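Close look at the chain arrangement
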Amino acid sequence: MTGNFANISNNAARQVSNFDTSILQNVNMPNLNPTYRYANRVTQSEQMQMATQPIKDGFVRAGEKVEEQVKNIDKEKTIKKVVSWGLAIATTIGVACLTNKNVNKIWKAGEAVDKKVASSDICKKAKDFINTIKNKNPLKDSALLKDIKDVTSKEKRLQPKSSWAKMSVLGPKGIFSLTPSDILKSTAKSAKNPQEFTKYLEALIGKDTKLCGKGISEIAETCLKDGNLGESFDFSKDLMNAIKKQHNLKTTEDLFGFFDKLKVGKIGENSFEFAKDLKIKGWAPFTKGNLGETMKKLAIMNGEGATTKLGKMTQQVPLILGESISNCVNDRSTFGVLVCAGTLPQVFDEAQNAKKGKKVATAAAELTSTATGWAIGTAGAGAIVYSLGSLKNLKSTGVVANLLKKVGNIASMGLANNSSKPAKIIGGALRLVGVLTLSSKISTPFDNAIKKLFGLPTAKEKEIAEAKKQMMEAQYCQYPQAM
C-alpha cells in the first residue's frame, strides 16, 4: 500500500506539474509567465512590422520619386517663370496706377490734338477729300444702305447679354458700361439709410429723371435689392446724359471737373462721404470702385472727351492699352491684379527667350500686340457679328433686304428676351466662332505691322525659321558625315 500510495502521489504530482506548466504556457496568463510575455511581444512586433512594411516601402518609393523629380527640375526654367510672374504682377499694378493717375492728362492731350487738327490745312484737305469720295458713292442715296446704317449704328446695334461677352467682345467700352450700375448698388448699401441714398440720386441726376424707364424711387429700390437696372449700355448712356443735363455740363472741362469732385463724394454743394471709394458688393475681396473714375473713362471711350477722330484716338489709345494690359485694375482688388497678371507671364517668357538686345523690344511688341488684338481685333469682330444680327431689324423689303434679314435671324439667335435655352446655347456658340475667326483675320495685319515696327520677326516668319531649323537638324541626323 505504501508503495502504491507513493506511486499514486508521484503520478499526481507530475500531473499537477504538467497541468500548471500547460496553463502557464498555453492559457492567456501573461502576468504569471514572464517568458511568455516577452515571446508574445516579439511575435506581435514581427507581425506589426510585416503589416506596416508595404506602407513604409510606399513612403520610401514616394520619397525617392520626389527626390528624383527635384533633381530633374530645370532650375533655369523655374527662375524664368518666377521672373515672368514677378514682371507680370509689377506691370499690371504699374500700368493700372499710371493710367488711373493720368486720365486727365490723356484727356487734355486729346483736346490739344483737336486744336491742331482744327487749324491744320492738311487735315482740312484730307477731310474734304474724304467727303468728296463719300459724295461720289453711287449707293449714298440707297434706302436699303441707309436702313442698314441705321440698324447697325452703335445706338441701335444688338448687344451681348452675357457680362463676359460684353467685357471680351466689346472691349473697354463694354467693361466700363458694366461698372456704373454695380457702383450705384454698392453706394446704396454704403448709405446709412434708403433716404440718404435717395438724396444722393436726386443730387446726381435730378428728382424727375428716369434711367431706362425707372424713376428715382424705383432706381433706389432696385439698387437696394440688387436688382436689374437695365441693359448696361443703355443705363450708362442714360446716366451720362442725365448728369450732363442736371448739372449743365456743356464742355469736356465741365464734365471732367464734375467727375473729379464725384470721386471724393461731392455733387455741387452737397457732400456724401459714404459715396467715395466704395467696397463693390459681389466683386472680389478687397475691392473698391469709384463712380467718378469709371464715368470719366466711359466718357473717353464714348468719344465725349474730344471732337475730332484724331483727338478721340489720342485719348482712347492710352486708355485701351492700359485697360488691356492691366484692366486698369478698375476695382483695385487683389483678385483683379492676379487675373490680369495671369495673362502676361507668356509675354515675359518670350522676352526672356529673345536674343540679347531684343528683350525689351519683344516685351513691348507683345504687350502692344495683345492690346491691339483685343481692342481692334476682338472688338471689331464683335461689332461685325452683332451688326449682322441687327440686320433682322431692317424695315426695307425686296430680295436683298429679305436675304439680309435671314442672315440677321441666324446671327441673332438666342438674343431675344424670350429665347429658349437651346437657342441661346446654339446662337452663342455661332457668335463665338464668328468672333474668334474674324478677330484672327483682323488682328494678324496689325500684329505683323507691330512686329516690323519693333524690328522683330512676324509669327509667319517665326514658323518658317523654325521649319528650316528642324529640316537642318533632320538632315544632320541623317547625314552627319556630310556636315
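In case you missed it, the structure is sitting above this.
Below you will find a few notes about this structure. (Residues numbered from 1 in each chain as written. Predicted model: local features only at pLDDT ≥ 70, side-chain atom pairs only at ≥ 80, totals over all residues. Heavy atoms only, no water.)

**Description of the overall build of the protein chain**
- Per the secondary structure count, the protein chain includes 20 helices and 2 strands.
- When the accessible area of the protein chain is evaluated, it comes to approximately 29,800 Å², of which 60% is carbon and sulfur surface. (Helix = DSSP H or I, 4+ residues; strand = E, 2+ residues; numbered from the N terminus. Areas by Shrake-Rupley, 256 points an atom, 1.4 Å probe, with all protein chains shown as cover.)

**Quick look at helix H12 (residues 252-263)**
- With 12 residues, H12 should reach 16 Å at 1.5 Å per residue; the first-to-last C-alpha distance of 17 Å fits that figure.
- Contacts from the buried residues of H12 go to helix H4 (103-119), helix H9 (194-205), helix H11 (232-246), strand S1 (266-267) and helix H13 (291-301).
- Among the residues trailing H12, Gly265 stands out with phi positive, at a value near 85°. (Expected span 1.5 Å × (residues − 1). Contact = heavy atoms within 4.5 Å.)

**Focus: the environment of Gly428**
- Locating Gly428 in the fold gives a position in helix H19 (residues 421-453).
- Distance in space between the C-alpha atoms of Gly428 and Pro160 is 9.1 Å, their sequence separation being 268 residues.
- Excluding anything up to four places from it in sequence, Gly428 contacts Met413 and Ala423.

**Thoughts on the packing of aromatic side chains**
- Within this structure, the stated rule accounts for 6 aromatic pairs.
- With 6.2 Å between their ring centres and 20° between their planes, Phe197 and Tyr200 make a pair best called stacked. Of this pair, Phe197 and Tyr200 both sit in helix H9, 3 residues apart, which is roughly one turn of that helix.
- Between Tyr200 and Phe272, the ring centres sit 5.2 Å apart and the planes meet at 90°, which makes this aromatic pair edge-to-face. With a gap of 72 residues between them, Tyr200 in helix H9 and Phe272 in the loop between strand S2 (270-271) and H13 connect regions that are remote in the sequence. Each member of the pair, Tyr200 together with Phe272, is buried.
- Ring pairing ties together the aromatic residues Phe197, Tyr200, Phe272 and Phe274, which thus form one cluster. (Phe/Tyr/Trp six-rings, centres within 6.5 Å; stacked < 30°, edge-to-face > 60°. Buried < 20%, exposed > 50% of the residue type's maximum accessible area, 1.4 Å probe, protein only.)

**Let's talk about the pattern of salt bridges**
- Enumeration over the complete set of coordinates arrives at 10 salt bridges.
- Overlapping salt bridges bring together Glu366, Asp447 and Lys451 as one network. (Salt bridge = Lys/Arg side-chain N within 4 Å of Asp/Glu carboxyl O.)

**Considerations on the side chain of Arg157**
- Relative to the helices and strands, Arg157 resides in the loop between helix H6 (143-151) and helix H7 (163-169).
- A distance of 3.4 Å separates a polar side-chain atom of Arg157 from the backbone oxygen of Thr152. (Polar contact = N/O pair within 3.5 Å; in protein donor to acceptor, adjacent residues only side chain to side chain.)

**What to know about the packing of helix H16 (residues 345-353) against helix H17 (residues 359-390)**
- Two numbers describe how H16 lies on H17: the axes approach to 8 Å, and their chain directions differ by 155°. With respect to each other, H16 and H17 are oriented roughly antiparallel. Note on packing geometry: the crossing formed by H16 with H17 is right-handed. Mapping the contact onto sequence places Val347, Phe348, Glu350, Ala351 and Gln352 in H16 and Lys359, Thr362, Ala363, Glu366 and Leu367 in H17.
- Across the contact of H16 with H17, the residue classes tally to 5 nonpolar, 2 polar and 3 charged. (Axes fitted to C-alpha atoms, helices over the stretch in contact; angles between N-to-C directions. Parallel < 35°, antiparallel > 145°, perpendicular 65-115°, else oblique. Left-handed = near helix turned anticlockwise from the far one by under 90°. Nonpolar A, V, L, I, M, F, W, Y, C, P; charged D, E, K, R; others polar.)

**As for the nonpolar core**
- Leu184, Tyr200, Leu204, Ile205, Leu239, Ile243 and Leu291 are the most contacted members of the largest nonpolar core, which has 43 residues in total.
- Elements with a contribution of two residues or more to this core: H4, helix H8 (171-190), H9, helix H10 (216-224), H11, H12, H13 and helix H14 (309-326).
- When neighbours within four sequence positions are excluded, Ile243 is seen to be in contact with Leu204, Ile205, Leu249, Phe258, Phe259 and Met295.
- One finds Ile325, Leu344, Phe348 and Ala351 within the second-largest nonpolar core, a separate group that totals 8 residues. (Core = buried A, V, L, I, M, F, W, Y, C linked by side-chain atoms within 4.5 Å.)

**As for the packing of H9 against H10**
- Remark: H9 packs on H10, axes separated minimally by 10 Å, with the N-to-C direction vectors making an angle of 125°. In terms of axis orientation, H9 runs oblique to H10. Seen along the crossing, H9 lies across H10 with a hand that is right-handed. Every residue of H10 that contacts H9 at Pro194, Phe197, Thr198, Leu201, Glu202 and Ile205 is listed here: Ile216, Ile219, Ala220, Cys223 and Leu224.
- Counted by class, the contact of H9 with H10 contains 9 nonpolar, 1 polar and 1 charged residues.

**Observations regarding the environment of Ile106**
- In this structure, Ile106 sits in helix H4.
- Remark: the alpha-carbon pair of Ile106 and Val317, spanning 211 residues in sequence, is separated by 9.4 Å.
- Excluding anything up to four places from it in sequence, Ile106 contacts Thr314, Gln315 and Pro318.

**What to know about unusual backbone geometry**
- Within the chain, Asp226 stands out as a residue other than glycine whose phi angle is a positive 60°.
- Position of Asp226 relative to the elements: it lies in the loop between H10 and H11.
- Despite not being glycine, Asn248 shows a phi value in the positive range, around 55°.
- Relative to the helices and strands, Asn248 resides in the loop between H11 and H12.

**Considering a nonpolar patch on the surface**
- Taken together, the side chains of Ile79, Val83 and Leu87 present a nonpolar region at the surface, about 240 Å² in accessible area.
- As for its position among the elements, Ile79 is in helix H3 (residues 75-101).
- Look at Ile79 and you get exposed, because its relative accessible area is 54%. (Patch = residues over 30% accessible without salt bridge, like charges linked within 9 Å, V, L, I, M, F, W, Y side chains within 5 Å.)

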